[in-house]
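Coordinates in review
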Amino acid sequence: MAAAADLLGFAPADIGATALVGVIIILILRGQLVPRRQVDDLLAVKDAQITALTTERDTWRTAHGVSEEARRESQDQAGELLELSRTANYFFAALPHAAREVSRHADVDQAPAAPPP
């Protein structure tokens, strides 16, 4: 008991019942001492908030996954389109050269092709 008296500055047995009830009433009025039902209600509210935030987090995480997949697919498609545009560019760049070759050969060989025997 000496240790409690040293910590508190007084011996708990020295205070009377009236003082103890007074301290409890003061603690209740200041909100430092609350009934278990109120604590359970507050915990239930916090649990509901945590559940709502967890659900929202999971929704955003799923949305981010879908968005990233769409971005990767779009990037892959853009790469394919770039390759196709390069191929088309080479084709169209080669057309004038091919046309000159065809017209040069057409000028040289005016004879109709002979039918096969």
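Here the structure is a predicted model, which means the values were calculated and not measured. (Residues numbered from 1 in each chain as written. Predicted model: local features only at pLDDT ≥ 70, side-chain atom pairs only at ≥ 80, totals over all residues. Heavy atoms only, no water.)

Let us now look at the overall build of the chain. Within the chain, the secondary structure is distributed over three helices and zero strands. For the chain, the sequential pattern of α-helices and β-strands runs α-α-α. Within the chain, the fraction of its 117 residues that count as buried is 1%. Carbon and sulfur atoms form 65% of the exposed surface of the chain, whose accessible area is close to 10600 Å². (Helix = DSSP H or I, 4+ residues; strand = E, 2+ residues; numbered from the N terminus. Buried < 20%, exposed > 50% of the residue type's maximum accessible area, 1.4 Å probe, protein only. Areas by Shrake-Rupley, 256 points an atom, 1.4 Å probe, with all protein chains shown as cover.)

This part takes up a nonpolar patch on the surface. A cluster of nonpolar side chains, Ile-15, Leu-20, Val-23, Ile-24, Leu-27, Ile-28 and Leu-33, forms an exposed patch at the surface whose accessible area comes to about 540 Å². Along the chain, the position of Ile-24 falls in helix α2 (residues 17–30). (Patch = residues over 30% accessible without salt bridge, like charges linked within 9 Å, V, L, I, M, F, W, Y side chains within 5 Å. Salt bridge = Lys/Arg side-chain N within 4 Å of Asp/Glu carboxyl O.)

Our next topic: the confidence of the model for the chain. Taken as a whole, the chain shows an average pLDDT of 84; of its residues, 77% reach a score of 70 or greater. The spread of mean pLDDT over the elements of the chain runs between helix α1 (residues 2–8), the lowest at 63, and helix α3 (residues 36–108), the highest at 90. (pLDDT = per-residue confidence, 0-100.)

The next thing to look at is the pattern of salt bridges. In this structure the tally under the stated criterion is three salt bridges. Where Glu-68 meets Arg-71, a salt bridge forms, and the shortest distance between an N and an O atom there is 3.0 Å. Residue Glu-68 and its partner Arg-71 are located together in helix α3, separated by three residues, close to a single helical turn. Glu-83 is the partner of Arg-86 in a salt bridge, and the nearest nitrogen-oxygen pair spans 3.6 Å. Placement of the pair is Arg-86 and Glu-83 together in helix α3, with a separation of three residues, close to one helical turn. You can call Arg-86 partly exposed: its relative accessible area is 42%. According to the relative accessible area criterion, Glu-83 is partly exposed, its value standing at 43%.

Attention shifts here to the packing of aromatic side chains. For the structure on display, the rule yields one aromatic pair. When the centroid spacing of 5.3 Å and the interplanar angle of 65 degrees are considered together, the rings of Phe-91 and Phe-92 count as edge-to-face. With a relative accessible area of 54%, Phe-92 lands in the exposed category. (Phe/Tyr/Trp six-rings, centres within 6.5 Å; stacked < 30°, edge-to-face > 60°.)

Judged by side-chain charge, Glu-69, Glu-73, Asp-76 and Glu-80 come together as a negatively charged surface patch. On the secondary structure map, Glu-69 appears in helix α3. (Lys, Arg positive; Asp, Glu negative; His and termini not counted. Charge placed at Lys NZ, Arg CZ, Asp CG, Glu CD.)

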